[in-house]
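# Coordinate inspection notes
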Amino acid sequence: MYRMTVLSVLTVTAVWISCGSPGGRSIEQPPKAAAPAPVSSEASTGKLIDVFETLVPRILDDAGVPGAGVAVVHQGRIVYQRGFGYADKDKKQMVGDTTGFNIGSISKTVAAWGVMKLVEDGKLELDAPVSNYLTRWQLPKSEHNASGVTVRRLLSHTAGLSLHGYPGFGPEDTLPSLEESLSGKTNGAGSVELIMAPGTEWKYSGGGYTLAQLLVEEITGVPFARYMRESVLRPLGMKNSDYDLTAEILASSATCYDGWGNATANPRFTAQAAAGLHTTIADLARFAAAGLSGPAGARPGRGVLRPESIALMLAAAPATDGEYGLGYAIDSLPDGSKSTGHGGANRGWHAYFTTVAKTGEGIVVTTNGDNGSAVHMQIRCAWTKWLTGSFPAGDRCKKPVLLPVVRALSSGSGEQARDVYLHCKNNLADQYFFSENQLNRVGYQLLAHKRVADAIVIFQLNVSEYPDAFNTHDSLGEAYLLAGKRELSLASYRKSLELNPNNEHARQIIEKLDSTPSPVPANSASPDPG
């Protein structure tokens, strides 16, 4: 059901140990471009840049990700930005400063600037009911009070709304209207509904940002992408960024690749505010720096937003347990300081940025591969060690077990990949990070490649590893259904619903199967970040 991305990282200092996967492979190592001279002459940032010059090509190869863009912000200004590897492997095109990348859910952070600009202009009130501004669409009736759905709560994911993230649409698909998307025409992600009392707890909702997108269009009377282009992107100097996939944007875009290094179709979105921004490492670094105090007295917001608005966005919002502001995720660094930023992922794309408002430091990463989270999180580990003197605590700097599992699957079977996973778990647990979401994602990659039998093996492994997780049973039920195993599918969906009575996806499939003698096709959309 929820095809969540892997929040896993690689260690910076550990030896790169293979789990003994059969047929291990790596992508062709691209030629190393001449290292650019750092803009900053500070010795400390120079050392960090030296680390990246060696580290990034190595982790791209290990993760099977063709290319990346990396930028460093120091004291509020961009001191380093560099493309690594291939934008397109077949054409031997290298990643450069103006190579385009989709940045997934970082789209939300940028969109939040557009919403806050309307608040500053007096056209929106942060704590007024969103319904006051809407004429084209309204939330369906619920047992909860819709008047509690406010702009502040949309931006902080505390509005009580459904729909975690979007799988997107293919290049040949007709995109639904914004109203159709909100009502459930989302390629399997569901509709936007009020499922919890607003303001009571944090629940990530890409659907909430789609509602914010509609809100922008209602207030301004122009398409969301146009408003963002004219009011936020171009004023910030983001000349190669857009929420519309125009011919110009596509012409400069990198090719995106799946976990096996195969080119895959660029996903398209009606839900632009949630997942649709295409940008470059240069533009995204400019955006990250714009939220900080800069050189020569430059103020946070860079004239697009007031510093007071930026401070509000970076501060923890009510009901988020201190972990989310208005469009920004909040994280604790080993020295006790806070960083704010966001991660993003869509099929074939991963990106990440975070900044420290107090010191003006930041890191920005874009990648064009399904395993890009493994790249950006190791880069973040190196940056964190440089900044604080310590690596992040816990498993955050271990390798994701997804990598050897995918390597095994590139030339072997699901059973061989399962054996590799168990070898890592039993013998190399100090080196690898394990999670339900990693195996779930591998399973859906297999479904996308029509390898249903292998996907079933991986989903069965996930169920055995995480038997109390409703989503593992839901995903196994979907694979069984695609394989025509109706009774096994029903059993899995029923177990998922037992574990989570609010799993409407399982409930709907069970009702369809119970009312028809033949299997009902299930959606097998690609993984989504949120």
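Before going further, it helps to spend a moment on the overall build of the protein chain. Along its length, the protein chain carries 18 helices and 13 strands. The buried share of the protein chain, taken over its 530 residues, is 60%. A separation of at least 24 residues holds for 71% of the contacts in the protein chain among residues at least 6 apart in sequence. Roughly 19,700 Å² of accessible area belongs to the protein chain as shown, and the carbon and sulfur atoms make up 50% of that amount.

Let us now look at the nonpolar core. Across soluble globular proteins, you tend to see nonpolar side chains buried next to one another. In this structure, Trp 113, Val 149, Leu 161, Leu 211, Tyr 243, Phe 287 and Met 313 are the most contacted members of the largest nonpolar core, which totals 71 residues. Those residues in contact with Leu 161 that lie beyond four places of it in its chain are Leu 139, Val 149, Leu 154, Val 192, Glu 193, Leu 194, Ile 195, Lys 203, Ser 205, Gly 208 and Leu 211. Residues Tyr 352, Ile 363, Ala 417 and Tyr 444 belong to the second largest nonpolar core, which totals 53 residues.

Across its 17 residues, helix H11 (residues 372–388) extends 24 Å between first and last C-alpha, which sits within 8% of the 24 Å expected from 1.5 Å per residue. With respect to burial, H11 is a largely interior element, 14 of its 17 residues being buried.

Before going further, it helps to spend a moment on the sheet that holds strand S1 (residues 67–74). Paired through their backbone hydrogen bonds, the strands of a sheet run either parallel or antiparallel. Read from one edge of the open sheet, seven strands run S3-S2-S1-S11-S10-S9-S8, paired in antiparallel fashion. Across the chains shown, the open sheet's two edge strands, defined by having one partner strand only, are strand S3 (93–94) and strand S8 (329–332).

This part is about the side chain of Thr 158. Secondary-structure assignment places Thr 158 in the loop between helix H3 (151–156) and helix H4 (178–182). Residue class for Thr 158 comes out buried when judged on its relative accessible area of 1%. Contacts of Thr 158, omitting those with residues within four sequence positions, involve Arg 153, Pro 198, Gly 199, Thr 200, Glu 201, Trp 202, Pro 318, Ala 319 and Thr 320.

Burial runs high along S1: eight of the eight residues are buried. Hairpin connection, S1 to strand S2 (residues 77–88): the antiparallel pair is bridged by two residues, and Gln 75 has positive phi, about 55 degrees. Where S1 meets strand S11 (residues 361–367), six bridges bridge the pair, whose relative direction is antiparallel. By the bridge assignment, Gly 69 is partnered in S11 with Thr 366.

Turning to the pattern of salt bridges, a few remarks are in order. Inspection of every chain in the model, using the stated rule, returns 16 salt bridges. The residue Arg 136 makes a salt bridge to Glu 179 at a minimum N-O spacing of 2.7 Å. Of this pair, Arg 136 sits in the loop between helix H2 (106–120) and H3 while Glu 179 sits in helix H4, placing them 43 residues apart in sequence. Notably, a salt bridge pairs Arg 494 with Asp 514, separated by 3.0 Å at the nearest N-O pair. In this pair, Arg 494 sits in helix H17 (residues 486–499) while Asp 514 sits in helix H18 (residues 504–515), placing the two residues 20 residues apart along the sequence.

For the rest of this paragraph, the subject is helix H10 (residues 307–314). When H10 is considered as a whole, its buried residues turn out to be Pro 307, Ser 309, Ile 310, Met 313 and Leu 314. Take H10 and look down its axis: the buried residues cluster within an arc of 160 degrees, on one side only. Looking at the buried residues of H10, the elements they touch are H2, S8 and strand S9 (338–346).

A few words on the state of the cysteines. For the structure shown, the criterion picks out one disulfide. Sulfur-sulfur distance for the disulfide between Cys 381 and Cys 397 comes to 1.9 Å. Disulfide Cys 381-Cys 397: the torsion about the S-S bond is -105 degrees, which places it as left-handed. Placement of Cys 381 in helix H11 and of Cys 397 in the loop between H11 and strand S12 (399–400) is noted, with a sequence separation of 16 residues between them. Overall, Cys 381 belongs to the buried group, its relative accessible area being 2%.

Moving on to the packing of aromatic side chains. On inspection of all chains with the given rule, the structure shows nine aromatic pairs. Between Phe 101 and Trp 349 the ring centres are 6.0 Å apart and the planes differ by 80 degrees, which places this aromatic pair in the edge-to-face class. Here Phe 101 is found in strand S4 (residues 100–102), whereas its partner Trp 349 is found in strand S10 (residues 349–356), with 248 residues between them in sequence. Judged by centre distance (5.0 Å) and plane angle (70 degrees), the ring pair of Phe 224 and Tyr 243 falls under edge-to-face. Within this pair, whereas Phe 224 is found in helix H6 (residues 224–233), its partner Tyr 243 is found in the loop between H6 and helix H7 (247–251), the two being separated by 19 residues in sequence. Note on accessibility: Phe 224 and Tyr 243 belong to one class, buried. Among the aromatic residues, those joined into a cluster by ring pairs are Trp 113, Phe 287, Tyr 328 and Phe 353. Across from the ring centre of Phe 84, 4.3 Å away, lies the NZ or CZ of Arg 82, which sits over that ring. In this structure, Lys 385 is placed above the aromatic ring of Phe 391, and the distance from its NZ or CZ to the ring centre is 5.8 Å.

On to the confidence of the model for the protein chain, then. For the protein chain, mean pLDDT is 89; residues scoring 70 or higher make up 89% of the total. Note on residues 1–41: pLDDT under 50 across the span, and 143 contacts to partners over four residues away in sequence or across chains. In the predicted structure, residues 521–530 sits below a pLDDT of 50 and forms 43 contacts with residues beyond four places in sequence or in another chain.

The next thing to look at is the environment of Arg 234. Structurally, Arg 234 is set in the loop between H6 and H7. Taking relative accessible area as the criterion, Arg 234 reaches 33% and is therefore assigned partly exposed. Setting aside its immediate chain neighbours within four residues, Arg 234 contacts Arg 229, Lys 239, Ser 241 and Asp 242.

Consecutive side chains along a regular strand alternate between the two faces of the sheet. Relative to S9, S8 runs antiparallel, the two sharing four bridges. Among the inter-strand pairings, Asp 331 is bridged to a residue of S9, identified as Ser 339. Hairpin connection, S8 to S9: the antiparallel pair is bridged by five residues, and Gly 336 has positive phi, about 95 degrees.

Reading guide: rules and limits
- Residues numbered from 1 in each chain as written.
- Predicted model: local features only at pLDDT ≥ 70, side-chain atom pairs only at ≥ 80, totals over all residues.
- Heavy atoms only, no water.
- Helix = DSSP H or I, 4+ residues; strand = E, 2+ residues; numbered from the N terminus.
- Buried < 20%, exposed > 50% of the residue type's maximum accessible area, 1.4 Å probe, protein only.
- Contact = heavy atoms within 4.5 Å.
- Areas by Shrake-Rupley, 256 points an atom, 1.4 Å probe, with all protein chains shown as cover.
- Core = buried A, V, L, I, M, F, W, Y, C linked by side-chain atoms within 4.5 Å.
- Expected span 1.5 Å × (residues − 1).
- Pairing = 2+ DSSP bridges.
- Salt bridge = Lys/Arg side-chain N within 4 Å of Asp/Glu carboxyl O.
- Arc of directions from axis to C-beta.
- Disulfide = S-S within 2.5 Å.
- Phe/Tyr/Trp six-rings, centres within 6.5 Å; stacked < 30°, edge-to-face > 60°.
- Lys NZ or Arg CZ within 6 Å of the ring centre and 35° of its normal.
- pLDDT = per-residue confidence, 0-100.

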